[in-house]
Amino acid sequence: MIELENVSKQFGAQLAVDRLSVQVPAGEIYGLLGRNGAGKSTAIGMMLGQVWPTSGNLRVCGHCVLSERHLALRKVGAIFESPAFYDYLSGYRNLQILSAYTARTDARRIREVVDWVGLGSRAHSKVRTYSHGMRARLALAQALLPNPELLILDEPSDGLDPEGIHEMRLTILRLHRELGLTILLSSHLLNEVEQLCTRICVLNQGAKIFEGNLAETRRNGKWVRLKTTDWDQATRQLAEQGLISTHRERRLVALADGVDIPRIVRALVASGMEVHEITPEEESLETFYLNLMDRGGAASTHPTSSPSPSS
Amino acid sequence: MFCQHLTNELWKLFGKKRTYIGFGAFLLAQNAMLLAFRFTRWKSDLERMLDGNGYLAQDYVSSLTVAVIMLIPQVILLLPLYTALVGGDLVAKEAEDGTLRMILARPVSRFRLLLVKWLAGLIFSAALVAVLGGTALLFASFWFPWKGMFVFAPGMVFNVLSAGDGLRLYICSQLFITVNASIILALAFMFSCFNMKPAAATILALSYLFVNLVMEGIPFFERFQDFLLPHHFRMWLLIYSQPTPWARIAESFCVLVAFNLTAFLIGAAAFQVRDIKS
């Protein structure tokens, strides 16, 4: 649905996006992560033909964004952080104006979408009277009007209260489930990404430093969470038998090469110790992201000469 | 779809209050000038001038005469200000507010978007001038009778006309004032297509006009007056000359239309290569 191939963007001396290659298949909820200024919004701007790439190829919905923008964006809806509207006009008029830039949209379709997002009777009020949550609904409505196949969401929960964030999350899932939309989500909210996305791409200083399934981010090498009657004795014995390489936080052990969990359990039971819990440690996206940023931050100091540790 | 886009653009333009600042300012200025004309020496000076030239002042101090007298300073001072204000807003304000990014997430070409905005700007110019001319005549007719018309602009026009001819030329002059207004609007519009704040676009357009005005007043630049906008802006007054200098008016008209198109194309080219970011 989205294909970026070695796309770069330079603003003066600053390299905002560095040879970014991304593929978002149809039906996916794809997360774009990174610090402020990592190049996420620039990458989205290039996908929408708002920012001209310095080099590289971009295709959206099978069409080149640079030469066939009108075809590429025909079935695309987008929501940006702090969505802007004509505050002095009604929500309904805003929808009429914005949707007309895609195609002629009849009143029935606008009413249908207005009802779908739950704007209902307030659609005819001026946008300046809307709460932040209502503006978010209006933003969603304008994105849905062209009957999109692809939805690009740039920080859609920005500025929303916790209930609003929760509601936005449910709406995104509903859009994916009920309408089968492909969704590209750029967000700072890691738990949001964790709950929504099937695949993520992490950017740092314009370069991709990770791309993979969310499950891959949860794998944590050889770390295993262990609860026994005597932590000190258990780790000492396991280390002496060469079954673990190290341990930390009095709850995690790192398995030695070729060692699996049943072997640990057998060794502990044979030593007369009770095993209350033993399970592979899953890393949260937050821990994964922060570790990645620590590594990536150092690596991307010289991004052109360092290989990116993508999966 | 083009008509739909234009209609939407007009909704956006005429839906916001600041578009009407110019209309309000004109109404205030016209009434203030009418009071000044009625109750100061302004009127007696005009009567003396007419009498001195062998005309009966009472036949020519009319609503048409006063309407034109009111228009001269307003066309020079207020019209550029308010058309530049709206022209500077057309693209730059949308970019500043973020609505431009919302629009350009849709499959509309940048050129079409600008073309629609430029046309909406021309319609605004025509509406502003129509209101300016209409209200000037309306308010003047409350205080002064409907009689012959006297038009005087130093070094350009000195003419007396019957009420019928005067009205015909008055309407005709509104068309040329519309062209003037559209030039200033197009100039501000052109600057607003670059990456700058709306106020900066307005100020640049007014500065360009001001520099033209100053240069025109310097004797050295007399030979270059064909390149200066104020020289061509005066065609609306030349329409009242006897005989009418049609060749000179046509030349100015062509120069102004070409200037307008050039400003649009420069703006469109700048906008086309611009990156639109939040």
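Residues numbered from 1 in each chain as written. Chains lettered and ligands numbered in written order. Predicted model: local features only at pLDDT ≥ 70, side-chain atom pairs only at ≥ 80, totals over all residues. Heavy atoms only, no water.

1. Observations concerning the overall build of chain B
(1) Moving on: Assigned secondary structure in chain B consists of 12 helices and two strands.
(2) Moving on: In chain B, the succession of helices and strands from N to C terminus is α-α-α-α-α-α-α-β-β-α-α-α-α-α.
(3) Moving on: Over its C-alpha atoms chain B spans a radius of gyration of 20 Å, differing by no more than 12% from the 19 Å that the globule rule assigns to 278 residues.
(4) Moving on: Across the 278 residues in chain B, those meeting the buried criterion constitute 51%.
(5) Moving on: Taking contacts inside chain B between residues at least 6 apart in sequence as the whole, the part at least 24 apart equals 78%. (Helix = DSSP H or I, 4+ residues; strand = E, 2+ residues; numbered from the N terminus. Rg over C-alpha atoms; globule rule 2.2 N^0.38 Å. Buried < 20%, exposed > 50% of the residue type's maximum accessible area, 1.4 Å probe, protein only. Contact = heavy atoms within 4.5 Å.)

2. What about the interface of chain B and chain A?
(1) Moving on: In this assembly, 29 residues from chain B lie in contact with 35 residues from chain A.
(2) Moving on: Across the chain B to chain A interface the summed buried area is about 3,000 Å²; carbon plus sulfur atoms make up 55%.
(3) Moving on: It is Met102, Arg106 and Pro107 of chain B in chain B that bury the most area against chain A; as a group they hold 26% of the surface buried on that side.
(4) Moving on: The interface formed by chain B and chain A contains two salt bridges.
(5) Moving on: Residues Lys9 of chain A and Asp275 of chain B are paired through a salt bridge, measuring 2.8 Å at the closest nitrogen-oxygen approach.
(6) Moving on: Taken together, the connections running from chain B to chain A amount to 22 residue pairs in polar contact (both at pLDDT 80 or more).
(7) Moving on: Elements with a contribution of two residues or more to the side of chain B that touches chain A: helix 1 (2–15), helix 5 (63–97), helix 6 (99–103), helix 7 (110–143) and helix 12 (246–273) of chain B. (Buried area = accessible area lost by both parts, 1.4 Å probe. Salt bridge = Lys/Arg side-chain N within 4 Å of Asp/Glu carboxyl O. Polar contact = N/O pair within 3.5 Å; in protein donor to acceptor, adjacent residues only side chain to side chain.)

3. Brief notes about the domain arrangement of chain A
(1) Moving on: Segmentation of chain A into domains returns domain 1 (2–217) and domain 2 (221–280).
(2) Moving on: With centres defined by C-alpha atoms, the gap from domain 1 of chain A to domain 2 of chain A works out at 46 Å. (Domains from an automatic or database assignment.)

4. Quick word on helix 3 (residues 91–100) of chain A
An α-helical turn contains 3.6 residues, so any two residues separated by three or four positions project in the same direction.
(1) Moving on: Most of helix 3 of chain A sits out of view: eight of its 10 residues are buried.
(2) Moving on: For helix 3 of chain A, the set of buried residues is Gly91, Tyr92, Asn94, Leu95, Ile97, Leu98, Ser99 and Ala100 of chain A.
(3) Moving on: Of the surrounding secondary structure, the elements contacted by the buried residues of helix 3 of chain A are helix 4 (107–117) and helix 5 (132–144) of chain A together with helix 1 and helix 6 of chain B.

5. Remarks on the pattern of salt bridges
All names here are of chain B.
(1) Moving on: By the definition in use, this model includes 24 salt bridges over all chains.
(2) Moving on: A salt bridge links Arg168 to Asp165; the nearest nitrogen and oxygen atoms lie 3.9 Å apart. Of the two residues, Arg168 and Asp165 are both situated in helix 8 (residues 163–192); the distance of three residues between them amounts to about one turn of the helix.
(3) Moving on: For Arg168, a relative accessible area of 53% translates into the label exposed.
(4) Moving on: A single network of salt bridges, built from pairs that share partners, joins Glu9, Lys12, Glu94 and Lys117.

6. A look at the sheet that holds strand 4 (residues 55–60) of chain A
All names here are of chain A.
(1) Moving on: Pairing is antiparallel across the open sheet formed by four strands, whose spatial order is 2-1-4-5. Edge positions in the sheet fall to strand 2 (14–24) and strand 5 (63–64), since each of these pairs with one other strand and no more.
(2) Moving on: Direction of pairing for strand 1 (residues 2–11) relative to strand 4: antiparallel, over a ladder of five bridges. By the bridge assignment for strand 4, Leu4 is matched with Leu58.
(3) Moving on: On top of the sheet, helix 1 (residues 40–47) reaches strand 1, strand 2 and strand 4; it is set at about 115 degrees to strand 1, its chief contact. (Pairing = 2+ DSSP bridges. Axes fitted to C-alpha atoms, helices over the stretch in contact; angles between N-to-C directions.)

7. What to know about the sheet that holds strand 11 (residues 223–228) of chain A
All names here are of chain A.
(1) Moving on: In space, the four strands of this open sheet follow the order 12-13-11-14, with antiparallel pairing throughout. With partners counted over all chains shown, the strands left at the sheet margins are strand 12 (244–248) and strand 14 (275–280), one partner each. Across the sheet, the axes of successive neighbouring strands diverge by a mean angle of 25 degrees, strand direction being ignored.
(2) Moving on: Across the face of the sheet, helix 9 (residues 231–240) comes into contact with strand 11, strand 12 and strand 13 (252–255) while running at roughly 155 degrees to strand 12.
(3) Moving on: Against the sheet, helix 10 (residues 261–270) touches strand 11, strand 12, strand 13 and strand 14, its axis set at about 160 degrees to strand 14.

8. Here we look at a nonpolar patch on the surface
Residues and elements named next belong to chain B.
(1) Moving on: Taken together, the side chains of Phe210, Val214, Ile218, Phe220, Phe224 and Phe227 make up a nonpolar region of the molecular surface, amounting to roughly 620 Å² of accessible area.
(2) Moving on: With respect to the secondary-structure elements, Phe210 resides in helix 9 (residues 198–217).
(3) Moving on: Given a relative accessible area of 55%, Phe210 falls into the exposed group. (Patch = residues over 30% accessible without salt bridge, like charges linked within 9 Å, V, L, I, M, F, W, Y side chains within 5 Å. Areas by Shrake-Rupley, 256 points an atom, 1.4 Å probe, with all protein chains shown as cover.)

9. Observations regarding the packing of aromatic side chains
(1) Moving on: For the coordinates displayed, the defined rule picks out 22 aromatic pairs over all chains.
(2) Moving on: Ring plane angle 70 degrees and centroid distance 4.8 Å describe the contact between Phe210 of chain A and Phe288 of chain A, whose orientation is recorded as edge-to-face. Of this pair, Phe210 of chain A sits in strand 10 (residues 207–213) while Phe288 of chain A is found in helix 11 (residues 285–299), placing the two residues 78 residues apart along the sequence.
(3) Moving on: For Phe210 of chain A, a relative accessible area of 5% translates into the label buried.
(4) Moving on: Ring centres of Phe220 of chain B and Phe221 of chain B lie 5.1 Å apart, and the angle between their planes is 85 degrees; this geometry places the pair in the edge-to-face category.
(5) Moving on: Classification of Phe220 of chain B by relative accessible area gives partly exposed; the value is 46%.
(6) Moving on: Residue classification places Phe221 of chain B among the partly exposed residues on the basis of a relative accessible area of 21%.
(7) Moving on: An aromatic cluster is defined as three or more aromatic residues linked by ring pairs; in this entry it consists of Phe14, Tyr20, Phe23 and Phe124 of chain B.
(8) Moving on: Across the ring face of Phe39 of chain B, the terminal group of Arg38 of chain B is positioned such that the distance to the ring centre comes to 5.9 Å. (Phe/Tyr/Trp six-rings, centres within 6.5 Å; stacked < 30°, edge-to-face > 60°. Lys NZ or Arg CZ within 6 Å of the ring centre and 35° of its normal.)

10. Quick word on the packing of helix 2 (residues 21–39) of chain B against helix 5 of chain B
Residue and element names in this part refer to chain B.
(1) Moving on: Helix 5 packs onto helix 2 with a crossing angle of 155 degrees between their chain directions and a minimal axis gap of 10 Å. Taken as axis vectors, helix 2 and helix 5 run roughly antiparallel relative to one another. Handedness of the helix 2/helix 5 crossing: right-handed. Residues Ile21, Gly22, Ala25, Phe26, Ala29, Gln30, Met33, Leu34 and Phe37 of helix 2 form the contact with helix 5, whose participating residues are Val66, Ile69, Met70, Pro73, Gln74, Leu78, Leu79, Tyr82 and Leu85.
(2) Moving on: Per-class residue counts for the contact of helix 2 with helix 5 are 15 nonpolar, three polar and no charged. (Parallel < 35°, antiparallel > 145°, perpendicular 65-115°, else oblique. Left-handed = near helix turned anticlockwise from the far one by under 90°. Nonpolar A, V, L, I, M, F, W, Y, C, P; charged D, E, K, R; others polar.)

11. Some details on unusual backbone geometry
(1) Moving on: Residue Gln242 of chain B is joined to Pro243 of chain B through a cis peptide bond whose omega torsion reads -5 degrees.
(2) Moving on: With respect to the helices, strands and loops of the structure, Pro243 of chain B is situated in the loop between helix 11 (235–238) and helix 12.
(3) Moving on: Even without being a glycine, Ser82 of chain A presents a positive backbone phi close to 45 degrees.
(4) Moving on: You will see that Glu155 of chain A, though not glycine, has its phi angle at about 50 degrees, which is positive.
(5) Moving on: When you line up the elements, Glu155 of chain A lands in the loop between strand 7 (150–154) and helix 6 (162–178).
(6) Moving on: Judged by relative accessible area, Glu155 of chain A falls into the buried class, the value being 9%.

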